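# Observations on chain architecture
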Amino acid sequence: MKLWSGRFDKNTDALVDELNASIGFDFRLYKQDIEGSLAHSAMLARQGIISEEDRDKIHSGLREILADIEAGRLTFGNDVEDVHMAVEGELTRRIGDAGKRLHTARSRNDQVALDFRYYLMGEIRRIHRMELDLIETLINIAKRNIDVIMPAYTHLQRAQPSTFAHYMMAYANMLRRDVTRLEDCLERMDECPLGSGALTATTYPIDRRAVADELGFARITQNSLDGVSDRDYAVEFLGTISLLMMHLSRLAEEIILWCSWEFKFIELDDAYSTGSSIMPQKKNPDIAELVRGKTGRVYGDLMALLTVMKALPLAYNKDMQEDKEPVFDTVDTVENCLPVFTAMLETMRVIPENMRAAAGKGFINATDCADYLVKKGMPFRDAYTIVGRLVNHCIAEEKTLETLELSEYQKLSPIFDSDVYKAISLDTCVSSRSVPGGPSHESVMEQIRYMEDFLKDRK
Ligand code: ARG
């Protein structure tokens, strides 16, 4: 028999129960639901809305239910509809009339609004720590590879020399923004909606502030219609994680390229690689590929929730029950991906010789060669044209700027002198890019110090 059966002459059809039920997925909110009910009933008793005796029964009943669920002694089927009905129904079965008083001055609408926010706030704190761990790993890799020269690319064409440390710190900065985005999202979400009732609050003299304090919320929501209808915090969370996944996916893509034989800049640890069922020589970067692939499903979760919410009139509509699965899916995906991704990076072997060799081909010091002429007084555009011709000549002669004889240089401009070789050496190219943000040893150390301070403020 349904809780609302008074108004109905018939039971719901079994197929309706199946479609309507959310217990299969929202069961995950049982702890938040019970904690919310503990705080709500404590407040009801303080305000004289229920007796202290009833409150005590409710409290011990809820605690037993929590223990039974956690011990795996209590499970629910589709007939209970959702986690809120499941817990309340079970409570009443156990303690009788006192259990029927729990839902005074409350609706499932503000209850689910509370549970979902409360749950997400906990998960955000976990994801936040995982992101900080990843930044720490990127810093460690940067420190170990501070002078490891590698080519940096535009259009995936070798462009200018950088270092592996500089490269890692680029990703650390993306992650830093992901961390602060998550913090912003949490800060905005930190409002307790309980007391919004079904949609227009309640006539009981409840103390919303006290419930919010007890549960650890910074504030209460300001408007009851908004309190039960708002899911922007969930959309914002999915947007924030989508950006994080985009960053992980870009790095994953680089890892995949770098461990190919075409690059061989890195070698993944065996524990973070997989083999092929047919090709004995294969060692595949499946973890990086999965992170790249799962980025797609997180984007899908974001689009799903945006689409569910886009035309809903105020206040609660059952469509909103569809908010949970995308969010749970994203939480599971990101919590699964982040620690493995971090460990994969931490254990990968960097191959500096190959990076340096790749940097030695492809004329990535051509800009520096032009700058050499500029420093000797030539306008940049003229220098640019001359070095373009030099490169063209080298390609035809199968030479590099390093191996081209001085006499050949001087054919194009008499300004060239023997100091050109030092000016275009990879080490000079990197060490002279010493402005803030650049790849020189000191510039990257400065970036590392900045990032370490960022981490220190959060530990
Ligand atoms: N299971 C529902 C959800 O997740 C709970 C709220 C139901 N409220 C209602 N009036 N049907 O959204």
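Residues numbered from 1 in each chain as written. Predicted model: local features only at pLDDT ≥ 70, side-chain atom pairs only at ≥ 80, totals over all residues. Heavy atoms only, no water.

Across its full length, the protein carries 20 helices and 6 strands. Relative to the globule expectation of 23 Å for 459 residues, the C-alpha radius of gyration of the protein, 31 Å, shows a markedly less compact shape. Relative to its full complement of 459 residues, the protein shows a buried share of 51%. Within the protein, counting contacts between residues at least 6 apart in sequence, those at least 24 apart form 76% of the total. By element, 52% of the accessible surface of the protein is carried by carbon and sulfur atoms, the whole surface being about 21900 Å². The positive charge centre, built from 56 side chains, and the negative charge centre, built from 74, are 2 Å apart in the protein. (Helix = DSSP H or I, 4+ residues; strand = E, 2+ residues; numbered from the N terminus. Rg over C-alpha atoms; globule rule 2.2 N^0.38 Å. Buried < 20%, exposed > 50% of the residue type's maximum accessible area, 1.4 Å probe, protein only. Contact = heavy atoms within 4.5 Å. Areas by Shrake-Rupley, 256 points an atom, 1.4 Å probe, with all protein chains shown as cover. Lys, Arg positive; Asp, Glu negative; His and termini not counted. Charge placed at Lys NZ, Arg CZ, Asp CG, Glu CD.)

Below, the discussion takes up the environment of Ala304. By secondary structure assignment, the location of Ala304 is in helix H12 (residues 286-309). Taking the C-alpha atoms as reference points, Ala304 and Tyr171, 133 residues apart in sequence, are found 28 Å from one another.

Moving on, we come to the site of the ligand. Taken together, the neighbourhood of the ligand is formed by Ser22, Asp26, Asp82, His84, Arg108, Asn109, Val112, Tyr316, Gln321 and Lys324. In the environment of the ligand, a nitrogen atom lies 3.3 Å from a nitrogen or oxygen atom belonging to the side chain of Ser22. One of the side-chain nitrogen or oxygen atoms of Lys324 is found 2.6 Å away from an oxygen atom of the ligand. Contact with the protein chains covers 86% of the free accessible surface of the ligand, which is 340 Å². Per-element accounting of the shell around the ligand gives the leading share, 3 residues, to helix H7 (residues 108-144). In the shell around the ligand, the residues fall into 2 nonpolar, 4 polar and 4 charged. (Near = heavy atom within 4 Å. Polar contact = N/O pair within 3.5 Å; in protein donor to acceptor, adjacent residues only side chain to side chain. Nonpolar A, V, L, I, M, F, W, Y, C, P; charged D, E, K, R; others polar.)

Two faces belong to every sheet, and in a regular strand the side chains alternate between them. Pairing geometry for strand E1 (residues 149-154) and strand E2 (residues 157-163), over 6 bridges, is antiparallel. Across the sheet, the residue bridging to Ala152 is Gln160, located in E2. Between the end of E1 and the start of E2, which pair antiparallel, lie 2 residues, with His155 showing a positive phi angle near 55°. (Pairing = 2+ DSSP bridges.)

Our next topic: the nonpolar core. Leu120, Phe164, Phe237, Ile255, Trp258, Ile266 and Leu345 are the most contacted members of the largest nonpolar core, which has 114 residues in total. By residue number, the principal contributor to this core is H7, which donates 16 residues. In this structure Phe164 touches Ile141, Asn145, Val148, Met150, Trp258, Ile266, Met348, Val350 and Met355, once residues within four positions along its chain are discounted. By size, the runner-up hydrophobic cluster in this structure holds 19 residues, among which are Cys369, Ala370, Met378 and Val391. (Core = buried A, V, L, I, M, F, W, Y, C linked by side-chain atoms within 4.5 Å.)

This part takes up unusual backbone geometry. Of the consecutive residues Leu314 and Ala315, the connecting peptide bond is found in the cis state with omega at 0°. Residue placement: Ala315 occurs in the loop between H12 and helix H13 (324-347). Residue Leu156 is not a glycine yet carries a positive backbone phi of 60°. Note on placement: Leu156 falls in the loop between E1 and E2. For Leu156, a relative accessible area of 53% gives the class exposed.

To continue, consider the packing of aromatic side chains. Under the definition given, this model contains 14 aromatic pairs. Where Tyr153 meets Phe263, the ring centres are 6.0 Å apart and the plane angle is 55°; that geometry is what we call tilted. Placement of the pair is Tyr153 in strand E1 and Phe263 in the loop between helix H11 (232-258) and strand E5 (266-267), with a sequence separation of 110 residues. Ring geometry for Phe380 against Tyr384: centres 6.2 Å apart, planes inclined by 45°, an arrangement best described as tilted. One end of the pair is Phe380 and the other is Tyr384, both in helix H16 (residues 380-397) and 4 residues apart, which spans about a single turn. Ring pairs connect the aromatic residues Phe116, Tyr119, Tyr233 and Phe328, which therefore count as one cluster. Over the ring of Tyr384 we find Arg381, and its NZ or CZ is 4.8 Å from the ring centre. Its guanidinium or amino end placed over the ring of Phe454, Arg458 lies 3.9 Å from that ring's centre, counting from NZ or CZ. (Phe/Tyr/Trp six-rings, centres within 6.5 Å; stacked < 30°, edge-to-face > 60°. Lys NZ or Arg CZ within 6 Å of the ring centre and 35° of its normal.)

Next up on the list: the environment of Met121. Mapped onto the secondary structure, Met121 falls in helix H7. In the structure, Met121 is positioned 275 residues away from Ala396 in sequence and 62 Å away in space, judged by C-alpha atoms. Look past the residues within four positions of Met121 in its chain and what remains in contact with it is Leu186, Met189, Asp190 and Phe217.

The set of residues buried in helix H15 (residues 366-375) consists of Ala366, Asp368, Cys369, Ala370, Tyr372 and Leu373. The secondary structure elements touched by the buried residues of H15 are E2, H16, helix H17 (406-412), helix H18 (420-423) and helix H19 (426-431). Gly377 sits one or two positions beyond H15 and adopts a positive phi of about 110°.

All right, on to a nonpolar patch on the surface then. There is a patch of nonpolar side chains on the surface, built from Leu199, Leu225 and Leu314 and spanning about 260 Å² of accessible area. Assignment of secondary structure puts Leu314 in the loop between H12 and H13. (Patch = residues over 30% accessible without salt bridge, like charges linked within 9 Å, V, L, I, M, F, W, Y side chains within 5 Å. Salt bridge = Lys/Arg side-chain N within 4 Å of Asp/Glu carboxyl O.)

Where helix H3 (residues 30-46) meets helix H5 (residues 83-95), the closest approach of the two axes is 10 Å, and the angle between their N-to-C directions is 55°. Taken together, the axes of H3 and H5 lie oblique to each other. Classified by chirality, the crossing of H5 by H3 is right-handed. Contact residues: Tyr30, Asp33 and Ile34 in H3; Val83, His84 and Val87 in H5. Grouping the constituent residues of the contact of H3 with H5 by class yields 4 nonpolar, 1 polar and 1 charged. (Axes fitted to C-alpha atoms, helices over the stretch in contact; angles between N-to-C directions. Parallel < 35°, antiparallel > 145°, perpendicular 65-115°, else oblique. Left-handed = near helix turned anticlockwise from the far one by under 90°.)

Shape descriptors only; they carry no functional weight alone.
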